[in-house]
Amino acid sequence: MIKSIDSQHVEDLSVEEVTRQLESSDRGLSTAEAQQRLAQFGRNALEEKKVNPLVRFLSYFWGPIPWMIEVAAILSALDRRWDDFIIILALLIFNAGIGFWQEFKAANALEALKKQLALKARVLRNGHWSEIDATELVPGDVIRLRLGDIIPADAKLIEGAYLAIDQSALTGESLPVNKEPGKVAYSGSIAKQGEMVALVTATGSDTYFGRTARLVAEAGAVSHFQKAVLAIGDYLIYLSLTLVAILMIVQLFRHAPLLNLVQFALILTVASIPVAMPAVLSVTMAVGALALSKMKAIVSKLQSIEEMAGVDILCSDKTGTLTRNQLTLGDPEVFEATDARALVLAGALASRVENNDAIDMAVIGGLQDPGVLDSYTQTGFTPFDPIGKRTEADVRAADGNTFKVTKGAPQVVMELTGLTGEQAERANHLIDELATRGNRTLGVARSDDGHTWRFLGILPLFDPPREDSAETVRQAAEHGIDVKMVTGDNVAIAREIAGQLGLGKQIQPASNLLSDAAEKGHLSSDAAERIESADGFAQVFPEHKYAIVKALQERGHLVAMTGDGVNDAPALKQADVGIAVSGATDAARAAADLILTAPGLSTIVSAVEEARRIFERMNSYAIYRITETIRIMIFVVLAMVVFDFYPITAIMIILLAFFNDVPIMTIAYDNTALAKRPVRWNMHRVITVSTIMGLTGTLGSFLMLYLAVDWLHLSIPKVQTYIFLKMAVAGHMTLFVARSRSWFIQRPYPAPIMIWAAVSTKLAATLLCAFGLGLVTPISWPEIALVWGYSIVWSFVTDIAKVSVYRCFDRTSPRHRGFLHTLGTRVHPQDNP
């Protein structure tokens, strides 16, 4: 059986040996052989494991919470209470459906973004060249690689002069690498110059590209969103189970019917545990993800929205993100040229537009009038090569005169012209000075007789900052985000660009900071502090990015990292928010949480603002849900223990869950204030505020019970309807109170859809209480008006309690950080709850 060959070992084998192992030939494979190998190796693409949608949906019916709902449904069926059975079953299916739908949409978001490594490939099959989908390539195929091609698979170069390949997306090397026959071209890299024939040695996940993508799965940080949901869930579960245990013990001593008691306890527990909380928060994030997509930012992992709201450090690539990734001609330094225009013209004549080379295009772009080139004809051209380190052109002017021009490494051109003395000293000084300012330099020379060369001058080239970068950095600082530049360039270039952008010039060489980690296996505290205080990092290799992110996270920061190449993928996965910039490779996009479709950083600031609004909505819901659980749970259990009757029926508890949790999803569209600083989950504050609000609501429910029993002298069925309507009306009033730290009647006001959802569901609850419909005992309209008035007035009492707690926290917030560190969360004094 044919086996693909590991790309790390291919270069050690001769072309003949590789051809023999792959059972190929200079005529390529036959169509039949290619089909057999396609069946063996699979398509030349990065495949993801997919779970059957039905299996994924059924998984939502398996687990502790679904089990409790299912047992409650079975007990209802055994007792022949079919109305209870149908409503409990509807609650179970609703929770499963919401969870499945949100996970399904999140999974499809990344799938829709993935592209093939290369769309087409030129392959030799049956002795003839043809073009096929790159996904159909197999080991043993013979392919042709040309200028501009994306290398479709790992391949051994077997024929041709040379091929210059841009491997920056794979290895981090900034300049193209020249490959000769016998070398390996890696999948996902780009052919920049030349043309060669190659033999495919590995495809799909067996390539260098594919192995890197597999390694990405090993990296990853635990989501703070998951920690918050677990912390809230644990608190409510322990509280609910404790109260239910007390209720069961007391009622069993009173010889209550066991079947009814167990069913009621199960339903009460299910209603108290935040079953729908993950779904509601997912809907909130999904709506936010849609808003972000309109800002040219695609969210591939929903929980990254919450992480983005708390990011306080952004590690940004320099090239293409902070800068244009487009070489630009600086001010020419004239030596023997008549003037600067003549110097640039000579450099442009030593370039070729068809090659689309970045340096050539920068020099030609420096011409004031590109049309001047029409007066000259290139009769010969020698492209740049790594040995000669210069280009050369034979040129004929419009008047028939011929001459030669060359451009290239300044030292090479200086040696060609024999530049000496003061002129040589001046040239070397300029080269050094321009280098410290982050400029590359080209020497330009001309020969009129083909033998004697004159040094015309020096052309500086630089990658200028994007027009919006400095403003974006300033806005990020205003939002409490520290931008740190990460670049493979040298320290001098990094400092120059950082200074222009207002980042600060404390740029650290990554190798100096991380060398001790390589030796000791961990970072020293001094190195970690220097990483935290640095404005940026230079001479960064792929492995450094991951280490930088890890070090900053260990210092308590939430870190966002931008990247575009395969080599960036592990760092993007480890970062709290990995951001694949515009034009990123598939591997970088697959590892990223946020995928930008527009160049630059300005989109990130907009995304952070939207993320903070989304976080406030999730925070409001968390406070509301805990408050509701405490309000219902403590009241029901204490009322049964003290008064020995059910203050609310099991069917009413289920109906409350529908009336409160179904419309609560409109919180995803709520209006919220924009936090000035990064926001984090402050669980101590969330739980304290919720507990006080819940206890205040419990007191209100007991007063309502007192009015119904001792003042109005109602029967128990009517008392139950009273309590049900009071909890239904007060439910959304609690949400309006919970959504703001200040008085709930102040701005920002709730979104209209949220108000109408509350009104419509409370109207439905009111009509149910007025007419009964066989589910509850009806009460009169004056009694309904009393409940509504009481609930609205009591919401102001709850608001007073809430504002008092927040003011207390504002005075003492620095004391409450220790609890949050146990949740892996770092909190600022100015953070919202």
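Calculation rules
- Residues numbered from 1 in each chain as written.
- Predicted model: local features only at pLDDT ≥ 70, side-chain atom pairs only at ≥ 80, totals over all residues.
- Heavy atoms only, no water.
- Pairing = 2+ DSSP bridges.
- Helix = DSSP H or I, 4+ residues; strand = E, 2+ residues; numbered from the N terminus.
- Axes fitted to C-alpha atoms, helices over the stretch in contact; angles between N-to-C directions.
- Contact = heavy atoms within 4.5 Å.
- Salt bridge = Lys/Arg side-chain N within 4 Å of Asp/Glu carboxyl O.
- Buried < 20%, exposed > 50% of the residue type's maximum accessible area, 1.4 Å probe, protein only.
- Phe/Tyr/Trp six-rings, centres within 6.5 Å; stacked < 30°, edge-to-face > 60°.
- Lys NZ or Arg CZ within 6 Å of the ring centre and 35° of its normal.
- Core = buried A, V, L, I, M, F, W, Y, C linked by side-chain atoms within 4.5 Å.
- Arc of directions from axis to C-beta.
- Parallel < 35°, antiparallel > 145°, perpendicular 65-115°, else oblique.
- Nonpolar A, V, L, I, M, F, W, Y, C, P; charged D, E, K, R; others polar.

1. Digging into the sheet that holds strand β10 (residues 297–299)
In sheet architecture, strand pairing relies on hydrogen bonds along the backbone and comes in two forms, parallel and antiparallel. Here we have 8 strands laid out as an open sheet, ordered β10-β24-β23-β22-β11-β19-β21-β20, and mixed in their pairing. Of all strands in the sheet, those bounded by a partner on one side alone are β10 and β20 (507–509). On average, each strand axis in the sheet is tilted by 20° relative to the strand beside it, whichever way the strands run. By the bridge criterion, 5 bridges tie strand β11 (residues 313–317) to strand β19 (residues 482–486) in an arrangement that is parallel. The partner of Asp-317 across the bridge, within β19, is Val-486. Of the strands in this sheet, β19, β20 and β21 (536–538) touch helix α19 (residues 491–501), which is tilted by about 160° from β20.

2. Thoughts on the pattern of salt bridges
One pass over the full model with this rule turns up 22 salt bridges. In this structure, Lys-545 engages Asp-317 in a salt bridge whose closest nitrogen and oxygen atoms are separated by 3.1 Å. Taken as a pair, Lys-545 in helix α22 (residues 542–554) and Asp-317 in strand β11 lie far apart in primary sequence, 228 residues in all. A relative accessible area of 8% means that Asp-317 is categorised as buried. With a shortest N-O distance of 3.5 Å, Lys-404 and Glu-392 are connected by a salt bridge. A residue pair is termed long-range when its members are at least 10 positions apart, and Lys-404 in strand β16 (residues 402–408) and Glu-392 in strand β15 (residues 390–397) qualify at 12 residues.

3. Things to note about the environment of Ala-476
Looking at the secondary structure, you find Ala-476 in helix α18 (residues 469–478). Contacts of Ala-476, omitting those with residues within four sequence positions, involve Ile-481, Val-483 and Val-605.

4. Re the packing of aromatic side chains
Under the defined criterion, the tally for this structure stands at 9 aromatic pairs. Centre to centre, the rings of Phe-57 and Phe-61 are 5.3 Å apart; their planes meet at 75°, and the pair counts as edge-to-face. With relative accessibility at 18%, the residue Phe-61 sits in the buried group. Ring centres 6.0 Å apart and planes at 5° place the aromatic pair Tyr-790 and Trp-794 in the stacked group. Residue Tyr-790 and its partner Trp-794 are located together in helix α30 (residues 781–812), separated by 4 residues, close to a single helical turn. Like Trp-794, Tyr-790 is buried. Lying across the ring of Trp-129, Arg-144 places its NZ or CZ 4.5 Å from the centre.

5. As for the nonpolar core
Counting 124 residues, the largest nonpolar core has Leu-268 and Phe-724 as the members making the most contacts within it. The element that contributes the greatest number of residues to this core is helix α25 (residues 602–643), accounting for 22 residues. If we ignore the near neighbours within four places in the chain, the residues touching Phe-724 are Ile-648, Met-652, Leu-655, Leu-656, Phe-659, Ala-765, Leu-768 and Cys-769. Among the nonpolar cores identified, the runner-up in size contains 25 residues, and Leu-343, Val-363, Leu-442 and Leu-461 belong to it.

6. What about the pairing of strand β5 (residues 163–166)?
Of the two faces of β5, the one lined by Leu-163 and Ile-165 and the one lined by Ala-164 and Asp-166 are each fully buried. Sheet analysis places β5 next to strand β6 (residues 177–179), joined by 3 bridges and oriented antiparallel. Each bridged residue has a counterpart across the sheet, and for Leu-163 the counterpart in β6 is Lys-179. Pairing geometry for β5 and strand β8 (residues 190–194), over 4 bridges, is antiparallel. Paired with Ala-164 across the two strands is Gln-193, which belongs to β8.

7. Considering the pairing of strand β1 (residues 120–125)
Across the 6 residues that make up β1, a large majority, 5, are buried. Sheet topology note: the β1/strand β2 (residues 128–133) ladder contains 6 bridges and is antiparallel. Pairing of Lys-120 across the sheet is with Asp-133, part of β2. Joining the antiparallel neighbours β1 and β2 is a turn of 2 residues, in which Asn-126 adopts a positive phi near 55°. The sheet contact formed by β1 and strand β3 (residues 142–145) spans 3 bridges and is antiparallel. Residue pairing across strands places Leu-124 opposite Val-142, the latter belonging to β3.

8. Regarding α19
The set of residues buried in α19 consists of Val-491, Ile-493, Ala-494, Ile-497, Ala-498 and Leu-501. Looking straight down α19, one finds its buried side chains confined to an arc of 160°; they lie on one side. Summarising the contacts, the buried residues of α19 are in contact with α13 (318–322), α17 (421–436), α18, β19, β20 and β21. In the stretch just after α19, Gly-502 is the one whose phi turns positive, near 75°.

9. Focus: the sheet that holds β3
The strand order across the open sheet formed by 6 strands is β2-β1-β3-β9-β4-β7, and the pairing between neighbours is antiparallel. Only two strands of the sheet have a single partner each, and these edge strands are β2 and β7 (184–185).

10. Some remarks on unusual backbone geometry
Cis rather than trans, the peptide bond between Arg-747 and Pro-748 has omega equal to 0°. When you line up the elements, Pro-748 lands in the loop between α28 (716–738) and α29 (752–771). Backbone geometry places Asp-644, a non-glycine residue, at a positive phi of 60°. Its place among the elements puts Asp-644 in the loop between α25 and α26 (650–661).

11. Some thoughts on the packing of helix α16 (residues 410–417) against α17
Following both chains from N to C, one finds α16 and α17 inclined at 170°, their axes separated by 11 Å at the closest point. Viewed along their axes, α16 and α17 adopt a mutual orientation that is roughly antiparallel. Of α17, the residues touching α16 (which contributes Pro-410, Gln-411 and Met-414) are Ala-424, Ala-427, Asn-428 and Ile-431. Its residues assigned to classes, the contact of α16 with α17 comprises 5 nonpolar, 2 polar and no charged.

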